[in-house]
Amino acid sequence: MNPTPLTIYQGRTFSQVFRWSTLPYIYKAITAITQTGPVSITSTGHGLTPNWPVAVVSVKGMTQINAAHNPPRDSEMDPCTVVDPNTITINDKNSALYQPYTSGGYLQFYTPVDMTGYTASMSIKDRVGGTILLSLSTVAGSIVIDNTNKSVTLALTPTITAALVWTKGVYDIEMIAPTGVSYPLAYGTVTVTDAVTLP
């Protein structure tokens with residue numbers, strides 16, 4: 001798990017989406033890829049949710065689309081757009097100048113965690129082990145868990161962000177199972193800055 005830095009602009013709505021995933025990898029066979037921007041990929045029953053990170057591997061013909069490493073690095077996974085149960089597009093990939101697809105290949109992605117019954121909490125402190133500057137939680141409505149789309153969203157209103165008087169902190173997010181066991185979701189630094197265009 002790599003750190004994810006957050007930036008909050010005072011007086012603006014703050015929203016950050018996280019996706020909780022785990023091993024093993026899921027592989028879904030590819031049967032067609034278009035030479036278009038964005039690329040469109042056919043994979044029957046792919047099971048992906050909107051914006052889930054995915055890599056393309058082992059494709060023949062259009063080899064430029066394949067991830068360079070095995071297994072793919074996180075940086076080689078791109079968020080997908082779900083067109084229908086058998087088709088996705090990847091906006092970050094323009095395959096118009098790639099070689100034609102001939103056969104094979106897989107969509108490779110991490111397994112989404114089932115978040116049924118989970119709650120979440122987040123603490124922002126001035127330093128590790130220090131004073132709490134701000135707390136977010138599903139109970140307070142500032143963290144929203146969407147198990148259908150496999151997303152965890154942090155949400156702060158402009159009123160809350162306008163009232164922040166500190167500029168730097170550190171955070172972590174814990175996912176709490178119905179059994180009470182906690183699992184780390186994300187951590188990193190938080191920066192609060194002035195919104196340039198607001199009075």
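In short, a report on the structure. Please read these numbers as outputs of a predicted model, since none were measured by experiment. (Residues numbered from 1 in each chain as written. Predicted model: local features only at pLDDT ≥ 70, side-chain atom pairs only at ≥ 80, totals over all residues. Heavy atoms only, no water.)

### As for the overall build of the chain
(1) Moving on: Looking only at helices and strands, the chain features 1 helix and 16 strands.
(2) Moving on: C-alpha extents for the chain along the principal axes are approximately 55 × 45 × 30 Å.
(3) Moving on: Across the 199 residues that make up the chain, the buried fraction comes to 37%.
(4) Moving on: Taking as baseline every contact in the chain between residues at least 6 positions apart, the subset at least 24 positions apart corresponds to 72%.
(5) Moving on: Accessible surface for the chain amounts to roughly 10,600 Å². Of this, 55% is attributable to carbon and sulfur atoms.
(6) Moving on: When the 10 positive and 11 negative side-chain charges of the chain are each reduced to one mean point, those points stand 3 Å apart. (Helix = DSSP H or I, 4+ residues; strand = E, 2+ residues; numbered from the N terminus. Buried < 20%, exposed > 50% of the residue type's maximum accessible area, 1.4 Å probe, protein only. Contact = heavy atoms within 4.5 Å. Areas by Shrake-Rupley, 256 points an atom, 1.4 Å probe, with all protein chains shown as cover. Lys, Arg positive; Asp, Glu negative; His and termini not counted. Charge placed at Lys NZ, Arg CZ, Asp CG, Glu CD.)

### Things to note about unusual backbone geometry
Keep in mind that most residues, glycine aside, have a negative phi and that most peptide bonds are trans.
(1) Moving on: Note the cis peptide between Leu 23 and Pro 24, where omega equals 10 degrees.
(2) Moving on: Mapped onto the elements, Pro 24 comes out in strand β3 (residues 21–29).
(3) Moving on: Going from Gly 37 to Pro 38, the amide bond is cis rather than trans, its omega being -5 degrees.
(4) Moving on: In this structure, Ser 58 takes a positive phi of about 65 degrees despite not being glycine.
(5) Moving on: Tracing the backbone shows Ser 58 in the loop between β6 (53–57) and β7 (78–79).
(6) Moving on: Given the relative accessible area of 49%, Ser 58 is considered partly exposed.

### Some points on the environment of Val 139
(1) Moving on: Take Val 139: it is sitting in the loop between β12 (132–137) and β13 (143–146).
(2) Moving on: Along the backbone, Val 139 and Thr 157 are 18 residues apart, and their C-alpha atoms lie at a distance of 16 Å.

### Topic: the sheet that holds β7
(1) Moving on: Strand order in the open sheet formed by 4 strands is β3-β10-β6-β7, with antiparallel pairing between adjacent strands. A single partner strand is all that each edge strand has here, and the edge strands are β3 and β7.
(2) Moving on: Where β6 and β7 come together, 2 bridges link them in antiparallel fashion. Note that in β7 the partner of Pro 53 across the bridge is Pro 79. (Pairing = 2+ DSSP bridges.)

### Some remarks on the nonpolar core
(1) Moving on: Core analysis: the largest hydrophobic core is formed by 27 residues, its most contacted members being Phe 18, Met 122, Leu 154 and Tyr 171.
(2) Moving on: Secondary-structure elements contributing two or more residues to this core are β1 (6–9), β2 (14–18), β11 (119–125), β12, β14 (151–156), β15 (168–176) and β16 (182–193).
(3) Moving on: Residues within four places of Phe 18 in sequence aside, it is in contact with Thr 4, Leu 6, Lys 150, Ser 151, Val 152, Leu 154, Tyr 171, Ile 173, Leu 185 and Ala 186.
(4) Moving on: Core analysis: the second largest hydrophobic core is formed by 17 residues, Val 56, Cys 80, Ile 90 and Phe 109 among them. (Core = buried A, V, L, I, M, F, W, Y, C linked by side-chain atoms within 4.5 Å.)

### Comments concerning the side chain of Thr 87
(1) Moving on: With respect to the helices and strands, Thr 87 occurs in strand β9 (residues 87–90).
(2) Moving on: Contacts of Thr 87, omitting those with residues within four sequence positions, involve Ser 40, Ile 41, Thr 42, His 46, Thr 81 and Val 82.

Read these as layout, nothing more, since geometry by itself doesn't imply function.
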